[in-house]
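Examination of the molecular architecture
Below, each chain spelled out in residue letters.
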Amino acid sequence: DNFSSDEETLKKEDVMKFKSYIQSEYDSIATINSYITTINRFLFYCDLGTLKVEKVKGQSDNVLPDRIYEHEFRAMYRRAKAMGMLELHYLIKVMGMTGIRVAERDAFTVESIQGLSVTAVNKNKTRKVPVPQSLMRELRAYAKDSGIIEGPIFLMNYHQIYHSLKAVAGASKIKKSKIHPHAFRHYFGFR
């Protein structure tokens, strides 16, 4: 299967052959589509936009490299509790069960955990975050037992959270490189 000669006008068959060639050479849909974008730009530049090539569609995996799985999520919050890190224990549960960003943890105050949702503000956006009733009860009990009568219930800064998560991951025999605060947001997205 050869392409048209240099003297012949480019045809749709030529572009489709090139697309097939790229698909045979590369496995990544992103790479293939990157080449197709380049082809389409070239065709547009040459005033041959009618020969546009459709991008390849593929089913995305429901897997991120090194994502947190259900058993690891449970192991993390249980290990944090066993290590006496109660604030981290509840923060892990909140991040994994609500999908909040670590920067939104300040929304969890003694006052805000009285209902069924918490209003989080991040990057000039306000959103209502539903929180499971059982988790709200746990958070109220934690605040009461910790003597927190008003304001935020999570007082750890990002640096403390990050390093504590790594310590808990190591103690839980979970690959440390995949454990970071935002990983729990991904976990929530895959639940």
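One can find the structure itself at the top, above this paragraph.
Sequence order sets the numbering: in each chain, residues are counted from 1 along the sequence as written. Per-residue local features of the predicted model are confined to residues with pLDDT of at least 70, and side-chain atom pairs are confined, for both listing and counting, to 80 or more; whole-chain, interface and lining totals are unaffected and use all residues. Heavy atoms from the whole structure form the basis of all side-chain values; hydrogens and water molecules are not counted.

1. Points about the packing of helix α4 (residues 86-98) against helix α7 (residues 183-190)
Stated precisely, the cut-off is as follows: Here an angle of 0 to 180 degrees is reported between the N-to-C directions of two axes, which are lines fitted to C-alpha atoms, with helices fitted over the stretch in contact. Secondary structure elements follow DSSP: runs of H or I no shorter than four residues count as helices, runs of E no shorter than two count as strands, and numbering proceeds from the N terminus. The cut-offs work like this: below 35 degrees is roughly parallel, past 145 is roughly antiparallel, 65 to 115 is roughly perpendicular, and the gaps in between are oblique. What makes two residues a contact is simply this: any of their non-hydrogen atoms within 4.5 Å. Just so you know the grouping, Ala, Val, Leu, Ile, Met, Phe, Trp, Tyr, Cys and Pro go in nonpolar, Asp, Glu, Lys and Arg go in charged, and all remaining residues, Gly too, go in polar.
Packing of α4 against α7 leaves a shortest axis separation of 6 Å and a crossing angle of 40 degrees. The angle between the axes of α4 and α7 places the two elements in the oblique class. Contact residues: Ile-92, Met-95, Gly-96, Met-97 and Thr-98 in α4; Phe-184, Tyr-187 and Phe-188 in α7. Looking at the contact of α4 with α7, its residues break down into six nonpolar, two polar and no charged.

2. Side note on helix α3 (residues 70-82)
Structurally, the α-helix is built with 3.6 residues per turn, so residues lying three or four positions apart point the same way. To keep things clear, this is the line we draw: Expected span of a helix, by definition, is 1.5 Å for each gap between consecutive residues, and there is one gap fewer than residues.
End to end, α3 covers 18 Å across 13 residues, agreeing with the expected 18 Å (1.5 Å per residue, within 8%). For α3, the elements touching its buried residues are α4, α6 (158-171) and α7.

3. Examining the nonpolar core
Where we set the bar: Among the buried residues, those of types Ala, Val, Leu, Ile, Met, Phe, Trp, Tyr and Cys that are joined through side-chain atoms within 4.5 Å form a nonpolar core. Accessible area is worked out with a 1.4 Å probe on protein chains only. A residue is then buried under 20% of its type maximum, exposed over 50%, and partly exposed in between.
Core analysis: the biggest nonpolar cluster contains 39 residues, and Met-76, Ile-92, Phe-108, Leu-139, Ile-153 and Phe-184 have the highest contact counts within it. Elements supplying a minimum of two residues to this core: α3, α4, β1 (117-122), α5 (133-146), α6 and α7. Broken down by element, this core gets its largest block of residues, six residues, from α4. Ignoring any residue separated from it by four or fewer positions in sequence, one finds Leu-139 in contact with Tyr-90, Val-94, Phe-108, Ile-113, Ile-153 and Phe-154. Residues Ile-22, Ile-32, Ile-36 and Leu-43 belong to the second largest nonpolar core, which totals nine residues.

4. A look at the pattern of salt bridges
This is how it is decided: Think of a salt bridge as a Lys or Arg side-chain nitrogen and an Asp or Glu carboxyl oxygen that are within 4 Å of each other.
Scanning all chains against the criterion turns up five salt bridges. Linking Glu-138 and Lys-93 is a salt bridge whose minimum nitrogen-to-oxygen distance equals 2.8 Å. Taken as a pair, Glu-138 in helix α5 and Lys-93 in helix α4 lie far apart in primary sequence, 45 residues in all. With a shortest N-O distance of 3.6 Å, Arg-101 and Glu-104 are connected by a salt bridge. A relative accessible area of 27% means that Arg-101 is categorised as partly exposed.

5. Observations regarding the pairing of β1
Defined as follows: Only strands that DSSP links by at least two bridges are regarded as paired with each other.
Here β1 shows a buried face lined by Val-118, Ala-120 and Asn-122 and an unburied face lined by Ser-117, Thr-119 and Val-121. As paired strands, β1 and strand β2 (residues 125-130) are joined by six bridges and run antiparallel to one another. If you follow Asn-122 over to β2, its bridge partner there is Lys-125. The turn joining β1 and β2, which pair antiparallel and follow one another in sequence, is formed by two residues; a positive phi near 55 degrees is taken by Lys-123.

6. What about the packing of α4 against α6?
In contact at an axis separation of 11 Å, α4 and α6 are set at 90 degrees when each is read in the N-to-C sense. By the criterion of interaxial angle, the relationship of α4 to α6 is roughly perpendicular. Facing α4, whose interface residues are Leu-88, Leu-91 and Ile-92, α6 presents Ile-161, Ser-164, Leu-165 and Val-168. A per-class count over the contact of α4 with α6 returns six nonpolar, one polar and no charged.

7. Examining unusual backbone geometry
Phi is positive for Asp-47, which is not a glycine, with a value near 60 degrees. You can see Asp-47 is positioned in the loop between α2 (29-45) and α3. Relative accessible area serves as the criterion here: at 68%, Asp-47 is assigned to the exposed category. At Lys-123, a residue that is not glycine, the phi angle is positive and equals roughly 55 degrees. Within the secondary structure, Lys-123 sits in the loop between β1 and β2. When its relative accessible area of 67% is taken as the criterion, Lys-123 is described as exposed.

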